[in-house]
Structure formats: structure tokens, C-alpha cells
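For reference, the chains in residue letters:
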Amino acid sequence: MKTFIKLSTSVLALTVAALTANLSFADDMDYSGETLYTQTNGLKNQVLAYQLNRWGDVVNSQHYDTGGKGTAAGLGNQDALAVSRDQRFLFAINAGSNDVSVFRVTHKGLVLTDRAMEMGMKPVSISVHDDLVYVANAGDDSIFGFKFDSKKGKLKPMKNSHRKLGGMATGVADIQFDKDGDTLVITEKAANKITSVTLNDDGLPVNIMSINSTGNTPFGFAFGKRGQLFVSNAEGGAANASTVSAYKLKESGKLEPIGNAVAAGQTAACWLVTTPNGRMAFTANTPADSISTFAIDKTGHPRLLMPQAATASKPTDLAISRDGDMLYSLNNGDNSIGIYRVSRSGEIIPMAPITNIPAGATGLVSMETQWNW
């Protein structure tokens, strides 16, 4: 069931003003923009959708029941939501009921197509590549996989895909496929490990390989353009000690460090995203109420540009638009989603945020859409 959230008078007024400021825009009724998704992680879990026009104004908002349960508490994770490559499906973890919900993306909004149980405990992160979907579980330090039928929008649990990682209470934080879909990477923040898992032609795990992180408390990560991997290290929450590490993912599935960890000059950098062109990275530094920017050279070495490029109230996730021009932050401090324009030089320009996000929300993804709900 979907319900509608009324926009405030002020938001509507700002939207109307933006739409009428230029008559040439007013004549063009195809206002393509982005849709932002997060989830409440409440005991009745819901996905929240906020549709933006090309100027970053909210023009519609809706919420959808996942059918599952959250935990109503922080998950210490990144990628609680995932989007299929063709942007036709959205996947959400239900950490409190150990299952995954699937939504079809339509021009009228989201339609729930499936809810599938998994063998692991407390899924906190999810990744999709074509017909494969894998989750990382913090409750039993494991991964679990599904085959996805895109015609029906259904998940089929894969036998022999449930695999334990390096140990107990490793602090699983994030899981992602590499660009080819034949290797998974998982961060284990309590164990200070980065784990890679190679998959066979059936999508089942073959080799599980772990390396020591070059920084402590490896948390969120994102891939670059040339098989590189960039990881934010919270460094145990030590004041102004956060770092970003770079790795090369080889064809064998083995990870190799690229240089030493680079200081961010902030506290507890936990979430990280890269621009689509692979030239920049951003970290969310929760206790520091800040977002940092990094430049990435062709060899995969990150360089700190601005330790405090923007302010954000206790940011707990990040998302980037498909063109790299917009950055979004999920802010737990003031229950908002920050919206920023990104300049070519790395400057982050704040815009009007989305407010009244439920406390404890987790996951943040951006999808290119048409605003015709």
C-alpha cells in the first residue's frame, strides 16, 4: 500500500517559484530530475521516495511498506538499498526480519513485487549485478545470495551461497559487486579487514580472501573507474584521525593496497561515494558534522582537497547523482537529507534540504527519473 505525504506550504511555494522563474522552462513540461530513496528501518519498515526536479526542489514524496521489519536502531552500514543497473528495480534489506524486499520502479512510483527470506542473520547491506543479488549479514558475519528474475521481479535463494566470513563479531558494514559481477567485496570494520569473494559461473562463492586494512575501522566504500576501490576508515572514532584507503582489485579477486591511507583531518569518516567519472570521492564524517572531498588521480591515489567542504548534521550516508553534479547526505542529527551541487573544482554548494526524515533512517540511493507520478 502506498500513502501520500503532503508537502509543506513553504516547499510548494519554493517549487512554484522555481518553475515560473523562467518562462522557457515553464513551456517545457518534461522536468527530468532525480528520485532519492531511503528507508525508515522502523519496526514497520518503509521505503521513502522524494522526487526532485532538475533544480533540486522536491516535487513529490511517497512512502511504501516493505512488508518486513527494521531494527529501529543504527545498523553501522552502507548500501541498505540497491538499484538495478537498468533502474527498473529497487532492493531493500529488512534487518529486523532477515529478508529482502523488491520493488518495481514505475512511472507512478514503486510496486512491491517480492519479499524473500535469507539464511543469514541481520542483513545490513545489499548489492545487485544483473541476475545476482547478495546481502551481507552483521548478525552472523556472513553473506547470502539470490537469483533474480527481472520478468517477475522475484528473488530465488541460492543453495550453498550462505558463507561465513573471517570470524565472529567482525562488524560487517558494506557489500558490493565489482563492475564485472564476478567478485564481491565486504568491509569488516571491527576486524579491520577487507574481504573479497570470487564467484563461479553459477554465482556461488569460490574463494574468500581477506587482507588487513591500511586504515582502522574500514566502513563504507566505492569503486573507481579502473578496478580501484576506495574505503573510508573511521579509525576507531579518534579525533581528527579519519583516513581514506585505496586498493586495486585484481582479476584473481585479490586486493592490493595502493599506497598508504590518506588523512581526512576529520573524525569518524564512515561513508564514502565516488563520482561517476572516478575523479572525486566524498566522505561523511559523522561526529565532525562534515563532508570531505578528495581528488583521485589516474593511478588511483586519493588526495585530500577540502577536509570540511560542507557541513551536515551527523551525516550517516551519502549518494551521488548519475551525472555527478549532485551530492546527497542522510543526516541523523537534524533528520534531513542534505542536497548539494558539486562544482568541477570539488566545491560543494548547499541547497534547501529535505526535512522531517524519520530518526534511524538508513540507506540512501539516487535514481534518474521523470516526475510524472
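Here, the structure is the one placed above.
Owing to the predicted nature of the structure, the values given are computational and were not obtained by experimental measurement. Think of each chain on its own: its residues are numbered from 1, step by step along the sequence as written. Since the coordinates come from a predicted model, pLDDT governs what is reported: local features require at least 70, and pairs of side-chain atoms require 80 or more to be given and counted, while whole-chain, interface and lining totals use all residues. Computation of side-chain values: all heavy atoms of the structure, hydrogens and water removed.

Asks: Just to check I follow, could you spell out the packing of aromatic side chains for this structure?
Replies: Any pair of aromatic rings gets described here by the distance separating the centres and the angle formed by the planes. Only centres within 6.5 Å qualify two rings of Phe, Tyr or Trp (six-membered ring in Trp) as a pair; their planes then separate them into stacked at under 30 degrees, edge-to-face at over 60, and tilted for everything else. On inspection of all chains with the given rule, the structure shows seven aromatic pairs. Aromatic side chains Tyr-134 and Phe-177 sit 6.1 Å apart centroid to centroid with 75 degrees between the ring planes, which places their arrangement in the edge-to-face category. Here Phe-177 lies in strand E14 (residues 172-177) and Tyr-134 lies in strand E10 (residues 132-137), a separation of 43 residues in the sequence. Accessibility classification places Tyr-134 together with Phe-177 in one group, the buried group. Ring pairing ties together the aromatic residues Phe-89, Phe-91 and Phe-148, which thus form one cluster. Against the face of Trp-55 rests Arg-54, its NZ or CZ located 5.8 Å from the ring centre. We call a charge positioned over a ring when the NZ of a Lys or the CZ of an Arg lies within 6 Å of the ring centre and within 35 degrees of the ring normal. Taking NZ or CZ as reference, Lys-189 lies 5.4 Å from the ring centre of Phe-219, over its face. Secondary structure elements follow DSSP: runs of H or I no shorter than four residues count as helices, runs of E no shorter than two count as strands, and numbering proceeds from the N terminus. Relative accessibility thresholds used throughout: buried, under 20% of the residue-type maximum; exposed, over 50%; partly exposed, between the two (1.4 Å probe, protein chains only).

Asks: It is not clear to me how the sheet that holds strand E26 (residues 302-311) should be interpreted in this structure. Could you clarify?
Replies: Two pairing modes exist for strands in a sheet, parallel and antiparallel, and in both the strands are linked by backbone hydrogen bonds. Spatially, four strands are ordered E23-E24-E25-E26 in an open sheet, and the strand pairing comes out antiparallel. Two strands in the sheet have a free side with no partner beyond their single neighbour: strand E23 (269-274) and E26. Neighbouring strand axes in the sheet, compared pairwise and without regard to direction, differ in orientation by 25 degrees on average. As paired strands, E23 and strand E24 (residues 280-285) are joined by five bridges and run antiparallel to one another. If you follow Val-273 over to E24, its bridge partner there is Phe-282. Two strands are said to pair when DSSP picks up at least two bridges between them. Interaxial angle, 0 to 180 degrees, is taken between N-to-C directions of lines fitted to C-alpha atoms, where a helix line uses only the stretch in contact.

Asks: Honestly, the sheet that holds strand E7 (residues 99-106) in this entry has me stumped. Any pointers?
Replies: The strand order E5-E6-E7-E8 describes an open sheet built from four strands, whose pairing is antiparallel. Across the chains shown, the open sheet's two edge strands, defined by having one partner strand only, are strand E5 (81-83) and strand E8 (109-117). Taken over all neighbouring pairs, the strand axes of this sheet differ in orientation by 20 degrees on average, direction set aside.

Asks: Even after reading the chapter, I still don't get the pattern of salt bridges, so can you show me in this structure?
Replies: It is possible for side chains bearing opposite charge to pair when their charged atoms get close. When a carboxyl oxygen of Asp or Glu is within 4 Å of a side-chain nitrogen of Lys or Arg, the pair counts as a salt bridge. Evaluated as defined, the whole model comprises eight salt bridges. A salt bridge links Asp-65 to Lys-44, with the shortest nitrogen-to-oxygen separation between them at 3.6 Å. In this pair, Asp-65 sits in strand E4 (residues 58-65) while Lys-44 sits in the loop between strand E2 (32-39) and strand E3 (46-52), placing the two residues 21 residues apart along the sequence. Its relative accessible area of 56% is what places Lys-44 among the exposed residues. When the shortest N-O distance is used, the salt bridge between Lys-147 and Asp-131 registers 3.4 Å. Here Lys-147, found in strand E11 (residues 142-149), pairs with Asp-131, found in the loop between strand E9 (123-129) and E10; they are 16 residues apart in sequence, far enough to count as distant. What makes Lys-147 partly exposed here is its relative accessible area of 28%. On the basis of relative accessible area, Asp-131 is assigned to the partly exposed category, the value being 35%.

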